[in-house]
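Examining the three-dimensional arrangement
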Amino acid sequence: MSIIESICQRRSVRSYSGEALSKEHAGRIEAYIAGLKAPFGAQAHIRLIHTDTLEGKVRMGTYGVIGGARDFLTLAYKKEPLAEESAAYLFEQAVLFCTSLGLGTCWLGGSFSRKDFGRQITLEPGEKVGIVSPVGYAGSKKRIWDVLIGAEKHHASRKAFGSLFFSHDFNRPLTEEAAGIYRRPLEMVRLAPSANNFQPWRVILEAGTLHFYHQKTLGGFDAIDSGIALSHFGETCRELGIAGRFERLPSREKEAVAVYSISWIPEGGSKEA
Ligand SMILES: Cc1cc2nc3c(=O)[nH]c(=O)nc-3n(C[C@H](O)[C@H](O)[C@H](O)COP(=O)(O)O)c2cc1C
């Protein structure tokens, strides 16, 4: 499955069959995670926890949000510049890989016990578990939580292209035509999951360079959400052969409307001065 296909297929799965991951699936996920490297000069670690092989009767707390899951991915990172964007970039790669294997996942930022999960993994000094996700075979039972939060509606609803992406400054919406080669990668940003489906990502296209921002949200997961969007953008560009690199431009930090993360510089630099 291509990255674009995986992005289109992925959705938050909160109900699982109760089956543990097969040896083959677990092995493939372990191998994939081992080959990942966090971007933007930061560090993050993903671990796969099998509750079946833990000692004693261990149930990982997910406050009734997730049912029937036996395996979980955890994301740990420490405070450093661009740590959340970097960690989320990495974790979304793992999530999309699991999607490509036909497995369900669900980003969890709030609905899990940090104590339960922290106890099961060896953290590096300064590291904290920031995110977890169940990973496994989707179950058929509908969860009350899904109904309460309107999960179906959330999955289907994304803001319009022109409310997320802009030309030159935040006053001018970007059209799909004006996005040129970046139309598809930006469309993949639009499909990204975000906490509470807040979709805080905002991107300015200026002279062939894209500047990635995020709005501050109540939940406080906006830098994480930004990293997921960057992952969809960067990995789609890679898949489509669009060459460029991410670089933080200090001149972009002074922006009243949104918080700056990083920019995408096309190969050969910006088209205009
Ligand atoms: C950083 C982050 C944290 C999230 N935390 C939770 C959570 O604690 N509980 C939950 O049920 N869903 C959580 N979600 C899932 C979102 O609600 C979901 O991605 C969004 O509503 C869009 O739906 P979709 O993933 O099906 O496209 C989280 C998603 C992200 C990206």
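Quick caveat: nothing in here was measured; it's all calculated off a predicted structure.

1. Describing the environment of arginine 14
With respect to the helices, strands and loops of the structure, arginine 14 is situated in the loop between α1 (3-9) and α2 (23-34). Accessibility expressed as a C-beta count within 10 Å gives 26 for arginine 14, which makes it buried. Each C-alpha atom of the pair arginine 14 and glycine 104 lies 8.2 Å from the other, and the pair is 90 residues apart in sequence. Setting aside anything within four residues of it in sequence, one finds arginine 14 in contact with Val65, Ile66, Gly67, Cys106, Arg143, Trp145 and Asp146.

2. Topic: the site of the ligand
Taken together, 20 residues lie near the ligand, and Trp107, Gly109, His154, His155 and Pro193 sit nearest. If you list the elements that add at least two residues to the shell around the ligand, you get α6 (151-156) and α9 (222-240). The biggest single contributor to the shell around the ligand is α9, with 3 residues. Residue composition of the shell around the ligand, by class: 9 nonpolar, 9 polar and 2 charged.

3. Overview of the domain arrangement of the chain
Each assigned domain of the chain is listed with its residue range as follows: domain 1 (3-147) and domain 2 (158-266). Taking the mean C-alpha position of each, domain 1 and domain 2 sit 24 Å from one another. Contact with domain 1, which involves 19 residues of that partner, is made by 19 residues of domain 2. For the side of domain 1 that touches domain 2, the secondary structure elements donating two or more residues are α1 and α3 (83-100). Counting residues per element, the side of domain 1 that touches domain 2 draws most heavily on α3, at 8 residues. Residue composition of the side of domain 1 that touches domain 2, by class: 12 nonpolar, 4 polar and 3 charged.

Parameters and conventions
- Residues numbered from 1 in each chain as written.
- Predicted model: local features only at pLDDT ≥ 70, side-chain atom pairs only at ≥ 80, totals over all residues.
- Helix = DSSP H or I, 4+ residues; strand = E, 2+ residues; numbered from the N terminus.
- Buried ≥ 20, exposed ≤ 12 C-beta atoms within 10 Å, placed from the backbone.
- Contact = placed C-beta atoms within 7 Å.
- Near = placed C-beta within 6 Å.
- Nonpolar A, V, L, I, M, F, W, Y, C, P; charged D, E, K, R; others polar.
- Domains from an automatic or database assignment.

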